[in-house]
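In case you want the letters, here they are:
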Number of protein chains: 2
Amino acid sequence: MYIGIDVGGTNLKAGLVDGNGKILRVQRVPLDFQGPESFAGMLADLTREILQNGESVEYVGIGLPGAVSGGDVLFTTNIPMENVPLEQLFRRHLDLPLLLGNDADCAAVAEFFCGAGKGTQDFGVVTLGTGIGVGLILDGKLRGGAVSSEAGHIVMRRGGELCNCGRYGCWERYASATGLIRLTKEVMDCRPESLLHRIAAQQGCVEGKTAFMAAEQGDEAALEVCREYVEDLADGAVSLINVVRPEVIAIGGGVAAAPEYLLLEPLREIVARESFSSHGGRATKILRAELGNDAGIIGAAFLGRVM
Amino acid sequence: MYIGIDVGGTNLKAGLVDGNGKILRVQRVPLDFQGPESFAGMLADLTREILQNGESVEYVGIGLPGAVSGGDVLFTTNIPMENVPLEQLFRRHLDLPLLLGNDADCAAVAEFFCGAGKGTQDFGVVTLGTGIGVGLILDGKLRGGAVSSEAGHIVMRRGGELCNCGRYGCWERYASATGLIRLTKEVMDCRPESLLHRIAAQQGCVEGKTAFMAAEQGDEAALEVCREYVEDLADGAVSLINVVRPEVIAIGGGVAAAPEYLLLEPLREIVARESFSSHGGRATKILRAELGNDAGIIGAAFLGRVM
C-alpha cells in the first residue's frame, strides 16, 4: 500500500494506491494555503483520513508543481513556498517519511509503472502544459529532486522568445500548450478567413486544441499551425533523445489528446529521420502517455520505488 | 589489472593498467586495417604481448571512434567497419570478453576514475575535436553502447550549418574545434588587419588555438572569435546540463588547453547565469579534463567497472 498526494492548482488529492497502481480510495480537500506549517498539517490530516481503516504505509509521496530537493521544497509555482523543509514540518505531525517529487517527475513514475513506460528501464515523459515538464527514469531510477530534468529549457532558438527561466528561446516557449496557443493566435492574425476564428469564438478563447479541431476539418491555416508546432516539438524531442537515448518517450498533457495523425505520427516521422539512431544505436519510441489525471497520485505514491 | 586498447587514427595502443589507473606497460602497433577478421586478430596479438609476464585479466576493453552496441561495432569513423561482431571475432583468438566503448565514453570513464570526475556519481565529458564527443556517467554507470550520448547533436540553430548527422544546426557544427576554425576564418575574412593572419601564417594554417593565441596578445578580432565561440559552447552545454544535471562536466580535447580566462572562466559565468540551477537544484561544475592522451587506454581498461 502506498499513499500519493497530488498538489494541484485548487485541490489537494490524496490517494491510497495498491502495488499495481490501482487507486483504492481518494480524499480531496480544497487548497487553502495558510503558510508552510499549516500546509504540512493538512498533509498529515489527509494521510490520517486516508489510513482510517488502519492500513500501514512506509512513506507518503507528494507531487508538487515546482522544484524539490530531498525533503525540501525549493519553490512551487502555485503556492508561495520557497526553501521550505516540508518533510521536517510534516514529521512534527506524523512519524512517516515524506518523499517529494515535482509533478513532471511524478507523471514519469506513474507511466513507468502503470502506463506507457511499463517494461522499460530508460524512460521519459514530456508533459505539454503551461510549460514543458520532463521526467526521466534512467536505468530504473528517477532523475528526481535536485537533479530533476529541466529539458523544457533546452535552447531551441537562440535569441528567441524570453522564457520564465531567464533564457531566450527555450523549447517550452514554443512547444508547450502556451506556445501552441501563441502560434495559433499569430497565424489567426494573418488569416482572417480561417476556420480557427469560428472555433475560437465557439470555445470562448484560443486553446491548445483549437488548431487541431480546425485542422481536422481541413482548414489550411490550422494545418500550417499543426505542422509548425510539431516541428518545434520534434526539435527539442530529438535533442533530448540524442542526449539520453531512452527506450520510450511518452507525450502527455492536454495537447497530447490531439488526433494521432496530426501530432504523434508526424512527430515520430521527424524523430526517426533526425535523431542520431538513424546512424545506429537505440531508436526511441514515441508513445502517448496513458494515465491522465491519475498520474499525479500514482506517481507520488510510487516515488519510493524509483529513488 | 586491466587491459585497454585505444584505436587511434594511425595506431593501436594497448596498455596494462592497474587498479589506480596507472599505465604499467604500453604496446603500440601501426593501424594497418585489412578487414575485421585480421583486425580482431591484431587485438588478440596485442593482448598476448601485453600479458607476456603472465598477468591475468577479466576482460579486454577497447575504445573506438564511432558507435558500438554490446560486442558489435556499428560503425567507425577512421576504419571501414560496419555492423561487425568484433567481440565474437576476437573470441576466436582469445577466450576473454572484449568490452567495446566509443572514444568519448572512454574519455568519460577515465576522467571519472582518475581525473576531473573523481568522487562524483553523475559526470560528463565534452570532448572538443573534429566533432563534439560526449560521454555521460549517471549514477555511477556509463550511458554507453547503444545508449551512448550523442549530445553533440543537440540542435542549437535550426536551419543552421548542415551536420554530418544529416540535421542542420547541431551544437558540434559550432562548438567543436572544426567550428572554431571555421569561425576564425570567417572573422579573418572581414578583419585583414587582425593578428590572426600573422599567427595563422606562422602555424601554416588556421588551427583551433589560433584565435586563443592572438587573443592573448590583445587582438580585438581574436577576442571577438573567442567570445562568440564560448557563447556557442555554453549554449549546448547549458542545454545538456539542464537535461541531466550532472555534478561535473569536464571539457577536453585540444581546444580545452586554451587559457582559462578565455575559455573556462567565461563558460562558467554563462552556465551559472543561464542553467536552470540558478532557480534551484544542483549546480554543475565546469572543469578541465585532466588525462589527455592517456584517457583512451585508461577509459577502455576501466569500461567493465561502469557497465
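If you're wondering where the values come from, they're calculated on a predicted model, not measured in any experiment.

1. Brief notes about the confidence of the model for chain A
Per-residue confidence for chain A gives a mean pLDDT of 96; residues scoring 70 or more make up 100%. Among the scores for the predicted complex, ipTM is 0.95 and pTM is 0.96.

2. Overview of the packing of aromatic side chains
All names here are of chain A. Per the stated rule, a full pass over the model turns up 14 aromatic pairs over all chains. The interplanar angle of 75 degrees and the centroid separation of 5.0 Å between the aromatic rings of Tyr2 and Phe302 together place this pair among those described as edge-to-face. Of the two residues, Tyr2 is situated in strand E1 (residues 2-7) and Phe302 in the segment after helix H10 (295-301); the sequence distance between them amounts to 300 residues. Between Phe112 and Phe123, the aromatic rings sit 6.4 Å apart at their centres with planes inclined by 35 degrees, giving tilted as the arrangement. Of this pair, Phe112 sits in helix H3 (residues 103-114) while Phe123 is found in strand E9 (residues 123-128), placing the two residues eleven residues apart along the sequence. There is no split in this pair, since Phe112 and Phe123 are both buried. Joined through ring pairs, the aromatic side chains of Tyr2, Tyr59, Phe112, Phe113, Phe123 and Phe302 make up one cluster. When the ring centre of Phe302 is taken as origin, the NZ or CZ atom of Arg305, which lies over that ring, is 4.4 Å away.

3. Some points on the sheet that holds strand E9 (residues 123-128) of chain B
Residues and elements named next belong to chain B. Ordered by their spatial adjacency, five strands build an open sheet running E11-E10-E9-E12-E13, and the pairing between neighbours is mixed. Each edge of the open sheet carries a strand with a single partner, namely strand E11 (141-142) and strand E13 (285-288). Both E9 and strand E10 (residues 132-138) contribute to a ladder of six bridges, which runs antiparallel. Residue Val126 lies in a different strand from E10, and its bridge partner there is Val134. Packed onto the sheet, helix H9 (residues 264-274) meets strand E12 (248-252) and E13 and runs at close to 165 degrees relative to E13.

4. Re the packing of helix H5 (residues 177-190) of chain A against helix H6 (residues 195-203) of chain A
All names here are of chain A. Closest axis-to-axis distance for the H5/H6 pair is 9 Å, and the angle between their directions is 125 degrees. By the angle between their directions, the pair H5 and H6 is classed as oblique. For the crossing formed where H5 meets H6, the hand is left-handed. Judged by residue contacts, Thr184, Val187 and Met188 of H5 engage Leu196, His197 and Ala200 from H6. Class assignment for the residues of the contact of H5 with H6 results in four nonpolar, two polar and no charged.

5. Describing the pattern of salt bridges
Proximity of charged atoms lets side chains of opposite charge pair with each other. The tally for this structure, following the rule as stated, stands at 44 salt bridges over all chains. The partner of Arg143 of chain A in a salt bridge is Asp122 of chain B, with the nearest N and O atoms 3.1 Å apart. Linking Arg143 of chain A in the loop between strand E11 (141-142) and helix H4 (171-175) with Asp122 of chain B in the loop between helix H3 (103-114) and E9, this pair reaches from one chain into another. As far as the burial class goes, Arg143 of chain A and Asp122 of chain B line up, both buried. Three or more residues joined by partner-sharing salt bridges are found here, namely Arg157, Glu231, Asp232, Asp235, Arg273 and Glu274 of chain A together with Arg158 and Arg167 of chain B.

6. Remarks on helix H6 (residues 195-203) of chain B
Residue and element names in this part refer to chain B. Taken together, the buried positions of H6 are occupied by Leu195, Leu196, Ile199 and Ala200. The buried side chains of H6 occupy one side of the element, clustering within an arc of 130 degrees when seen end-on. In H6, the exposed residues that point more than 90 degrees away from the buried face are Arg198, Ala201 and Gln202. Measuring from the side-chain oxygen of the N-cap residue of H6 to the backbone nitrogen of Leu196 gives 2.9 Å; that N-cap residue is Ser194. Once H6 ends, the next one or two residues include Gly204, with phi positive near 90 degrees.

7. Concerning the interface of chain B and chain A
Contacts between chain B and chain A engage 39 residues on the former and 39 residues on the latter. Between chain B and chain A, a total of about 3,600 Å² is buried, with carbon and sulfur atoms accounting for 48% of that surface. Across the contact surface, chain B and chain A share 14 salt bridges. Across the pair Arg167 of chain A and Glu274 of chain B runs a salt bridge whose closest N-O atoms are separated by 3.3 Å. One can count 28 residue pairs in polar contact (both at pLDDT 80 or more) joining chain B with chain A. Every element with two or more residues in the side of chain B that touches chain A is listed here: strand E6 (72-76), E10 and helix H8 (220-244) of chain B. The dominant element in the side of chain B that touches chain A, judged by the number of residues it contributes, is H8 of chain B, at nine residues. Across the side of chain B that touches chain A, the residue classes tally to 16 nonpolar, nine polar and 14 charged.

8. Observations regarding the relation of the copies chain B and chain A
Overlaying chain B with chain A gives an RMSD of 0.0 Å, the required rotation being 180 degrees about an axis along which the chain moves by 0.0 Å. Considering both components of the superposition, the chain copies are consistent with a two-fold axis. A shared interface surface links the copies, since 100% of the contact residues of chain B are contact residues in chain A too.

What counts, and where the lines are drawn
- Residues numbered from 1 in each chain as written.
- Chains lettered and ligands numbered in written order.
- Predicted model: local features only at pLDDT ≥ 70, side-chain atom pairs only at ≥ 80, totals over all residues.
- Heavy atoms only, no water.
- pLDDT = per-residue confidence, 0-100.
- Phe/Tyr/Trp six-rings, centres within 6.5 Å; stacked < 30°, edge-to-face > 60°.
- Helix = DSSP H or I, 4+ residues; strand = E, 2+ residues; numbered from the N terminus.
- Buried < 20%, exposed > 50% of the residue type's maximum accessible area, 1.4 Å probe, protein only.
- Lys NZ or Arg CZ within 6 Å of the ring centre and 35° of its normal.
- Pairing = 2+ DSSP bridges.
- Contact = heavy atoms within 4.5 Å.
- Axes fitted to C-alpha atoms, helices over the stretch in contact; angles between N-to-C directions.
- Parallel < 35°, antiparallel > 145°, perpendicular 65-115°, else oblique.
- Left-handed = near helix turned anticlockwise from the far one by under 90°.
- Nonpolar A, V, L, I, M, F, W, Y, C, P; charged D, E, K, R; others polar.
- Salt bridge = Lys/Arg side-chain N within 4 Å of Asp/Glu carboxyl O.
- Arc of directions from axis to C-beta.
- Polar contact = N/O pair within 3.5 Å; in protein donor to acceptor, adjacent residues only side chain to side chain.
- Buried area = accessible area lost by both parts, 1.4 Å probe.
- Least-squares fit on C-alpha atoms with pLDDT ≥ 70 in both.

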